[in-house]
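Residues per chain, in single letters:
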Amino acid sequence: MTAPRVRRLISRLPWWIATVFLVGAVLLWIFPFVWMLSASFKDNTEVFAAGLNLIPETLVWENYGRAWEDAQFGRYLLNTVLVTVITVIIVTLRCAAAGYVIGRYRFRGSRLIVGILVATIFVPTGYTIIPVVQVSLQLGLIDSLSGMILALSGGANVASILIYAGYFRQLPRELEEAAIVDGAGFLRTFLSIMFPLSMPVTATVALLTFLGTWNAFFLPLVFTFSRPELRTLSVGMQAFIGQDAVDWSGMTAAGIISIIPVVLLFFFLQRYFVEGIAGAVKS
(Lines give C-alpha, C1' and ligand atoms only; values in the text may rest on other atoms or scores of the structure.)
Protein backbone atom coordinates (compact mmCIF):
# COMPACT_ATOMS: atom_id res chain seq x y z
CA MET A 1 0.00 0.00 0.00
CA THR A 2 1.46 3.34 -1.08
CA ALA A 3 2.05 6.21 1.30
CA PRO A 4 -0.51 8.58 -0.35
CA ARG A 5 -3.20 5.92 -0.06
CA VAL A 6 -2.36 5.38 3.62
CA ARG A 7 -2.58 9.10 4.28
CA ARG A 8 -5.92 9.22 2.44
CA LEU A 9 -7.29 6.38 4.56
CA ILE A 10 -6.06 8.03 7.76
CA SER A 11 -7.67 11.33 6.73
CA ARG A 12 -11.00 9.54 6.24
CA LEU A 13 -10.79 7.72 9.58
CA PRO A 14 -12.82 10.35 11.51
CA TRP A 15 -15.53 10.08 8.86
CA TRP A 16 -15.72 6.30 9.27
CA ILE A 17 -15.82 6.61 13.06
CA ALA A 18 -18.63 9.17 12.85
CA THR A 19 -20.53 6.94 10.42
CA VAL A 20 -20.27 3.89 12.67
CA PHE A 21 -21.35 5.95 15.68
CA LEU A 22 -24.37 7.43 13.87
CA VAL A 23 -25.46 4.06 12.48
CA GLY A 24 -25.27 2.58 15.97
CA ALA A 25 -27.26 5.50 17.38
CA VAL A 26 -29.94 5.09 14.69
CA LEU A 27 -30.25 1.35 15.35
CA LEU A 28 -30.49 1.98 19.08
CA TRP A 29 -33.12 4.67 18.53
CA ILE A 30 -35.38 2.66 16.20
CA PHE A 31 -35.11 -0.63 18.12
CA PRO A 32 -38.09 0.14 20.47
CA PHE A 33 -40.30 0.83 17.45
CA VAL A 34 -39.18 -2.35 15.70
CA TRP A 35 -39.74 -4.31 18.92
CA MET A 36 -43.24 -2.87 19.27
CA LEU A 37 -44.05 -3.80 15.67
CA SER A 38 -42.78 -7.32 16.30
CA ALA A 39 -44.71 -7.62 19.59
CA SER A 40 -47.92 -6.59 17.86
CA PHE A 41 -47.84 -9.92 15.97
CA LYS A 42 -47.12 -12.09 19.04
CA ASP A 43 -49.38 -13.44 21.75
CA ASN A 44 -49.06 -12.18 25.32
CA THR A 45 -46.91 -15.11 26.41
CA GLU A 46 -44.40 -14.75 23.58
CA VAL A 47 -44.05 -10.98 24.05
CA PHE A 48 -41.86 -11.49 27.12
CA ALA A 49 -40.79 -15.10 26.67
CA ALA A 50 -39.05 -14.28 23.35
CA GLY A 51 -36.88 -11.59 24.94
CA LEU A 52 -35.12 -9.53 22.25
CA ASN A 53 -36.10 -11.93 19.47
CA LEU A 54 -37.88 -9.82 16.85
CA ILE A 55 -39.24 -12.67 14.71
CA PRO A 56 -42.62 -13.99 15.92
CA GLU A 57 -43.11 -17.73 15.96
CA THR A 58 -46.62 -17.25 14.57
CA LEU A 59 -48.17 -14.09 13.17
CA VAL A 60 -51.15 -13.28 15.40
CA TRP A 61 -53.23 -10.96 13.22
CA GLU A 62 -56.05 -11.15 15.74
CA ASN A 63 -54.23 -8.55 17.86
CA TYR A 64 -55.12 -5.84 15.35
CA GLY A 65 -58.70 -7.04 15.10
CA ARG A 66 -58.99 -7.01 18.89
CA ALA A 67 -57.55 -3.50 19.05
CA TRP A 68 -59.75 -2.18 16.23
CA GLU A 69 -63.08 -3.72 17.17
CA ASP A 70 -63.08 -5.03 20.73
CA ALA A 71 -61.19 -2.03 22.13
CA GLN A 72 -63.18 0.33 19.85
CA PHE A 73 -60.03 1.87 18.38
CA GLY A 74 -61.91 2.55 15.15
CA ARG A 75 -64.14 5.02 17.01
CA TYR A 76 -61.20 6.40 18.98
CA LEU A 77 -59.32 7.00 15.72
CA LEU A 78 -62.21 9.01 14.28
CA ASN A 79 -62.44 11.05 17.49
CA THR A 80 -58.71 11.71 17.43
CA VAL A 81 -58.69 12.74 13.76
CA LEU A 82 -61.63 15.12 14.29
CA VAL A 83 -60.14 16.72 17.40
CA THR A 84 -56.65 16.95 15.92
CA VAL A 85 -57.63 18.44 12.56
CA ILE A 86 -59.84 21.17 14.04
CA THR A 87 -57.26 21.96 16.73
CA VAL A 88 -54.51 22.25 14.11
CA ILE A 89 -56.61 24.67 12.04
CA ILE A 90 -57.44 26.87 15.04
CA VAL A 91 -53.90 26.91 16.42
CA THR A 92 -52.31 27.54 13.02
CA LEU A 93 -54.52 30.52 12.18
CA ARG A 94 -54.25 31.99 15.67
CA CYS A 95 -50.47 31.62 15.88
CA ALA A 96 -50.00 32.95 12.34
CA ALA A 97 -52.00 36.08 13.15
CA ALA A 98 -50.19 36.64 16.45
CA GLY A 99 -46.79 35.97 14.88
CA TYR A 100 -47.56 38.37 12.03
CA VAL A 101 -48.39 41.22 14.40
CA ILE A 102 -45.38 40.56 16.64
CA GLY A 103 -42.97 40.09 13.75
CA ARG A 104 -44.06 42.98 11.54
CA TYR A 105 -45.22 45.71 13.91
CA ARG A 106 -43.65 47.65 16.75
CA PHE A 107 -46.12 49.11 19.24
CA ARG A 108 -46.12 50.13 22.88
CA GLY A 109 -45.96 47.07 25.10
CA SER A 110 -44.93 44.64 22.35
CA ARG A 111 -41.80 43.55 24.21
CA LEU A 112 -43.82 43.07 27.39
CA ILE A 113 -46.27 40.85 25.51
CA VAL A 114 -43.44 38.76 24.09
CA GLY A 115 -41.90 38.49 27.56
CA ILE A 116 -45.17 37.26 29.05
CA LEU A 117 -45.55 34.72 26.27
CA VAL A 118 -42.04 33.40 26.79
CA ALA A 119 -42.64 33.21 30.55
CA THR A 120 -45.60 30.89 30.00
CA ILE A 121 -43.21 28.25 28.63
CA PHE A 122 -42.04 27.60 32.18
CA VAL A 123 -45.56 26.99 33.52
CA PRO A 124 -46.15 23.21 33.82
CA THR A 125 -49.17 21.91 31.95
CA GLY A 126 -50.55 20.28 35.09
CA TYR A 127 -51.00 23.69 36.72
CA THR A 128 -53.38 24.85 34.00
CA ILE A 129 -55.66 21.82 33.86
CA ILE A 130 -57.72 22.81 36.93
CA PRO A 131 -58.69 26.31 35.69
CA VAL A 132 -59.34 24.97 32.18
CA VAL A 133 -61.66 22.29 33.54
CA GLN A 134 -63.36 24.77 35.86
CA VAL A 135 -64.09 27.17 33.00
CA SER A 136 -65.31 24.28 30.84
CA LEU A 137 -67.68 23.16 33.60
CA GLN A 138 -69.13 26.65 33.90
CA LEU A 139 -69.60 26.86 30.12
CA GLY A 140 -71.11 23.38 29.92
CA LEU A 141 -68.37 22.12 27.60
CA ILE A 142 -67.11 19.23 29.70
CA ASP A 143 -67.74 15.70 28.38
CA SER A 144 -67.81 16.92 24.77
CA LEU A 145 -65.45 16.95 21.81
CA SER A 146 -66.04 20.67 21.29
CA GLY A 147 -64.89 21.42 24.82
CA MET A 148 -61.84 19.20 24.32
CA ILE A 149 -60.97 21.03 21.08
CA LEU A 150 -61.24 24.46 22.71
CA ALA A 151 -59.13 23.29 25.66
CA LEU A 152 -56.41 21.84 23.43
CA SER A 153 -56.33 24.84 21.10
CA GLY A 154 -56.46 27.45 23.86
CA GLY A 155 -52.85 27.13 24.99
CA ALA A 156 -50.23 29.83 24.50
CA ASN A 157 -48.32 27.90 21.77
CA VAL A 158 -45.40 30.25 22.29
CA ALA A 159 -42.96 28.28 20.15
CA SER A 160 -45.31 28.38 17.17
CA ILE A 161 -45.94 32.11 17.56
CA LEU A 162 -42.22 32.85 17.73
CA ILE A 163 -41.53 30.67 14.69
CA TYR A 164 -44.11 32.66 12.72
CA ALA A 165 -42.78 35.96 14.07
CA GLY A 166 -39.23 35.10 13.01
CA TYR A 167 -40.35 34.13 9.53
CA PHE A 168 -42.57 37.18 8.96
CA ARG A 169 -39.83 39.49 10.25
CA GLN A 170 -37.50 38.57 7.40
CA LEU A 171 -40.00 39.21 4.59
CA PRO A 172 -39.47 42.48 2.64
CA ARG A 173 -41.60 45.48 3.53
CA GLU A 174 -42.32 46.09 -0.15
CA LEU A 175 -44.91 43.30 -0.07
CA GLU A 176 -47.11 45.18 2.38
CA GLU A 177 -46.50 48.52 0.69
CA ALA A 178 -47.62 47.10 -2.64
CA ALA A 179 -50.73 45.66 -0.99
CA ILE A 180 -51.58 49.02 0.58
CA VAL A 181 -51.20 50.72 -2.81
CA ASP A 182 -53.66 48.20 -4.25
CA GLY A 183 -56.13 49.10 -1.49
CA ALA A 184 -55.73 46.02 0.67
CA GLY A 185 -56.33 46.36 4.39
CA PHE A 186 -54.67 44.56 7.27
CA LEU A 187 -56.80 41.42 7.10
CA ARG A 188 -56.63 41.08 3.32
CA THR A 189 -52.87 41.64 3.33
CA PHE A 190 -52.42 38.93 5.90
CA LEU A 191 -54.75 36.34 4.36
CA SER A 192 -53.95 36.98 0.68
CA ILE A 193 -50.21 37.70 0.75
CA MET A 194 -48.39 37.06 4.02
CA PHE A 195 -50.07 33.85 5.16
CA PRO A 196 -49.69 32.04 1.79
CA LEU A 197 -45.99 32.96 1.79
CA SER A 198 -45.54 31.25 5.16
CA MET A 199 -46.47 27.76 3.96
CA PRO A 200 -43.15 26.19 5.10
CA VAL A 201 -43.66 27.61 8.60
CA THR A 202 -47.33 26.67 8.51
CA ALA A 203 -46.38 23.08 7.73
CA THR A 204 -43.94 23.11 10.65
CA VAL A 205 -46.47 24.55 13.10
CA ALA A 206 -49.20 22.22 11.82
CA LEU A 207 -46.95 19.20 12.29
CA LEU A 208 -45.89 20.23 15.81
CA THR A 209 -49.50 20.93 16.77
CA PHE A 210 -50.61 17.66 15.21
CA LEU A 211 -48.07 15.70 17.26
CA GLY A 212 -48.95 17.49 20.49
CA THR A 213 -52.69 17.06 20.02
CA TRP A 214 -52.49 13.50 18.73
CA ASN A 215 -50.46 12.41 21.77
CA ALA A 216 -52.32 14.53 24.36
CA PHE A 217 -53.47 12.54 27.36
CA PHE A 218 -54.42 14.62 30.43
CA LEU A 219 -57.02 16.91 28.88
CA PRO A 220 -58.69 14.19 26.76
CA LEU A 221 -58.76 11.96 29.84
CA VAL A 222 -60.54 14.62 31.90
CA PHE A 223 -62.98 15.56 29.14
CA THR A 224 -63.98 11.94 28.42
CA PHE A 225 -63.93 10.54 31.94
CA SER A 226 -67.68 9.90 32.07
CA ARG A 227 -68.14 9.34 28.32
CA PRO A 228 -65.80 6.57 27.11
CA GLU A 229 -67.17 6.77 23.57
CA LEU A 230 -65.47 10.17 23.17
CA ARG A 231 -62.00 8.90 24.05
CA THR A 232 -59.00 9.57 21.85
CA LEU A 233 -56.34 7.01 20.96
CA SER A 234 -53.99 7.93 23.78
CA VAL A 235 -56.74 7.60 26.39
CA GLY A 236 -58.11 4.48 24.71
CA MET A 237 -54.88 2.63 25.54
CA GLN A 238 -56.30 2.16 29.01
CA ALA A 239 -58.75 -0.36 27.57
CA PHE A 240 -55.93 -2.92 27.49
CA ILE A 241 -55.14 -2.54 31.18
CA GLY A 242 -57.29 -4.87 33.23
CA GLN A 243 -57.59 -5.29 36.95
CA ASP A 244 -55.44 -8.42 37.05
CA ALA A 245 -53.56 -8.41 33.71
CA VAL A 246 -52.45 -6.26 30.80
CA ASP A 247 -53.05 -7.17 27.16
CA TRP A 248 -49.56 -6.25 25.94
CA SER A 249 -49.93 -7.64 22.43
CA GLY A 250 -53.20 -5.79 21.92
CA MET A 251 -51.67 -2.61 23.32
CA THR A 252 -48.69 -2.79 20.95
CA ALA A 253 -51.06 -3.37 18.01
CA ALA A 254 -53.04 -0.31 19.09
CA GLY A 255 -49.79 1.62 19.38
CA ILE A 256 -48.88 0.76 15.79
CA ILE A 257 -52.33 1.88 14.65
CA SER A 258 -51.88 5.23 16.41
CA ILE A 259 -48.36 5.76 15.04
CA ILE A 260 -49.09 5.13 11.36
CA PRO A 261 -50.93 8.47 10.69
CA VAL A 262 -48.11 10.42 12.40
CA VAL A 263 -45.42 8.69 10.33
CA LEU A 264 -47.32 9.25 7.09
CA LEU A 265 -47.91 12.92 7.86
CA PHE A 266 -44.26 13.53 8.72
CA PHE A 267 -43.20 11.68 5.55
CA PHE A 268 -45.16 14.12 3.38
CA LEU A 269 -44.31 17.27 5.38
CA GLN A 270 -40.68 16.63 6.32
CA ARG A 271 -39.29 18.94 3.61
CA TYR A 272 -41.54 21.82 4.70
CA PHE A 273 -40.76 21.07 8.35
CA VAL A 274 -37.00 21.48 7.76
CA GLU A 275 -37.50 24.61 5.66
CA GLY A 276 -39.75 26.19 8.27
CA ILE A 277 -37.33 25.54 11.13
CA ALA A 278 -34.37 26.73 9.05
CA GLY A 279 -36.19 29.92 8.04
CA ALA A 280 -37.19 30.74 11.62
CA VAL A 281 -33.70 30.08 12.97
CA LYS A 282 -32.04 32.11 10.19
CA SER A 283 -34.15 35.14 11.03
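Rules used throughout
- Residues numbered from 1 in each chain as written.
- Predicted model: local features only at pLDDT ≥ 70, side-chain atom pairs only at ≥ 80, totals over all residues.
- Heavy atoms only, no water.
- Helix = DSSP H or I, 4+ residues; strand = E, 2+ residues; numbered from the N terminus.
- pLDDT = per-residue confidence, 0-100.
- Axes fitted to C-alpha atoms, helices over the stretch in contact; angles between N-to-C directions.
- Parallel < 35°, antiparallel > 145°, perpendicular 65-115°, else oblique.
- Left-handed = near helix turned anticlockwise from the far one by under 90°.
- Contact = heavy atoms within 4.5 Å.
- Buried < 20%, exposed > 50% of the residue type's maximum accessible area, 1.4 Å probe, protein only.
- 1 Å grid on protein atoms, 1.4 Å probe; cavity = no way out; pocket = protein on both sides within 12 Å on 5 of 7 lines; lining within 4 Å.
- Points joined across faces, edges and corners; volume = space filled by probe spheres on them.
- Nonpolar A, V, L, I, M, F, W, Y, C, P; charged D, E, K, R; others polar.
- Patch = residues over 30% accessible without salt bridge, like charges linked within 9 Å, V, L, I, M, F, W, Y side chains within 5 Å.
- Areas by Shrake-Rupley, 256 points an atom, 1.4 Å probe, with all protein chains shown as cover.
- Salt bridge = Lys/Arg side-chain N within 4 Å of Asp/Glu carboxyl O.

A word on the environment of Gly-155
Counting through the fold element by element, Gly-155 comes out in the loop between α8 (145-153) and α9 (158-169). For the pair Gly-155 and Met-199, spaced 44 residues apart in sequence, the C-alpha to C-alpha distance is 22 Å.

Here we look at the confidence of the model for the chain
For the chain, the mean per-residue pLDDT works out to 83, and 92% of the residues sit at or above 70. Looking at the elements of the chain, mean pLDDT is at its lowest for helix α1 (residues 3-11), recorded as 68, and at its highest for helix α5 (residues 73-104), recorded as 91.

Section: the packing of α5 against helix α12 (residues 199-214)
How two helices sit against one another is set out by the angle between their axes and by the gap between those axes. Closest axis-to-axis distance for the α5/α12 pair is 9 Å, and the angle between their directions is 140°. Between α5 and α12, the crossing angle belongs to the class labelled oblique. At the point where α5 passes α12, the crossing takes the right-handed sense. Listed contacts from α12 to Leu-77, Thr-80, Val-81, Val-83, Thr-84, Thr-87, Val-88, Val-91 and Thr-92 of α5 are Thr-202, Val-205, Ala-206, Thr-209, Phe-210, Thr-213 and Trp-214.

Some details on unusual backbone geometry
The phi dihedral of Asp-143 is positive, around 60°, even though this residue is not glycine. Mapped onto the elements, Asp-143 comes out in the loop between α7 (125-139) and α8. Its relative accessible area of 21% is what places Asp-143 among the partly exposed residues.

Structural notes on empty space enclosed by the protein
Where empty space is left becomes clear once a probe the size of a water molecule has been rolled over the atoms. What the rule picks out here adds up to one cavity of 30 Å³ or more. Thr-80, Val-83, Thr-84, Met-148, Leu-152, Thr-213, Trp-214, Pro-220 and Thr-232 together form the lining of the largest cavity. Among the elements of the structure, α5, α8 and α12 are those that each provide at least two residues to the lining of the largest cavity. Here the lining of the largest cavity gets three residues from one element, more than from any other, and that element is α5. Residues belonging to the lining of the largest cavity are distributed by class as follows: five nonpolar, four polar and no charged.

Some points on the layout of surface pockets
In this structure, the largest pocket spans a volume of roughly 1000 Å³. If you trace the largest pocket, you find 35 residues lining it, with Thr-125, Leu-152, Gly-155, Ala-156 and Asn-157 closest to the centre. Per-element tally for the lining of the largest pocket: the top contributor is α7, with eight residues. Residue classes in the lining of the largest pocket are distributed as 23 nonpolar, 12 polar and no charged. Roughly 340 Å³ of volume is contained in the second largest pocket. For the lining of the second largest pocket, the secondary-structure elements that each account for two or more residues are α2 (13-39), α12, α14 (233-236) and α15 (248-282).

Some details on a nonpolar patch on the surface
A contiguous nonpolar patch, built from Val-23, Val-26, Leu-27, Trp-29, Ile-30, Phe-33 and Val-34 and spanning about 650 Å² of accessible area, is present on the exposed surface. Take Ile-30: it is sitting in helix α2. The partly exposed category is assigned to Ile-30, whose relative accessible area is 30%.

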